[in-house]
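Summary of the model geometry
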Amino acid sequence: MSLRNPAGRIRYPLALLAVVVGVLLLEFLAEVTLNRYVETGSTWLPTVGTIGETATAYLLPLSILSTFVVPAVAFYLGVRYARSA
């Protein structure tokens, strides 16, 4: 059994959890904003053609973020977590 402080190792899983929750929160906020935009017909949101094109334009970066960036960060944090043992 190691005598190292396990509290130092907990930061990597917590960082991963924060990244995943942050991306999910961003996606939720974007969807809520777009739903309110569609319901109210506000003109404050810059549009790209139709409403569907606008929604795609705003949700695509978040989709790319959750598809590519989160797994890369998870892998990096997993390697750091394994090396800290």
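Rules behind the numbers
- Residues numbered from 1 in each chain as written.
- Predicted model: local features only at pLDDT ≥ 70, side-chain atom pairs only at ≥ 80, totals over all residues.
- Heavy atoms only, no water.
- Helix = DSSP H or I, 4+ residues; strand = E, 2+ residues; numbered from the N terminus.
- Buried < 20%, exposed > 50% of the residue type's maximum accessible area, 1.4 Å probe, protein only.
- Contact = heavy atoms within 4.5 Å.
- Areas by Shrake-Rupley, 256 points an atom, 1.4 Å probe, with all protein chains shown as cover.
- Expected span 1.5 Å × (residues − 1).
- Bend = angle between axes of the 7 residues up to and from the residue.
- Polar contact = N/O pair within 3.5 Å; in protein donor to acceptor, adjacent residues only side chain to side chain.

**Remarks on the overall build of the protein**
Across its full length, the protein carries two helices and zero strands. When burial is assessed residue by residue, the protein has 13% of its 85 residues classed as buried. Across the protein, the fraction of contacts at a sequence separation of at least 24, relative to all contacts at a separation of at least 6, is 67%. Counting only carbon and sulfur atoms, one obtains 70% of the accessible surface of the protein, whose full area is about 6,400 Å².

**Some remarks on the environment of Pro61**
Secondary-structure assignment places Pro61 in helix H2 (residues 51-83). For Pro61, a relative accessible area of 47% translates into the label partly exposed.

**Comments concerning H2**
End to end, H2 covers 47 Å across 33 residues, agreeing with the expected 48 Å (1.5 Å per residue, within 8%). In H2, a bend of some 35° at Leu59 exceeds every other bend along the element, and Pro61, a proline, comes one to four places later. Restricting attention to buried positions, one finds in H2 the residues Thr54, Leu62, Val70 and Leu77. Its buried side turned inward, H2 meets helix H1 (11-40).

**What about the side chain of Thr54?**
Inspection of the secondary structure puts Thr54 in helix H2. A polar side-chain atom of Thr54 sits 2.9 Å from the main-chain carbonyl oxygen of Thr50. Setting aside its immediate chain neighbours within four residues, Thr54 contacts Leu45, Pro46, Thr47 and Val48.

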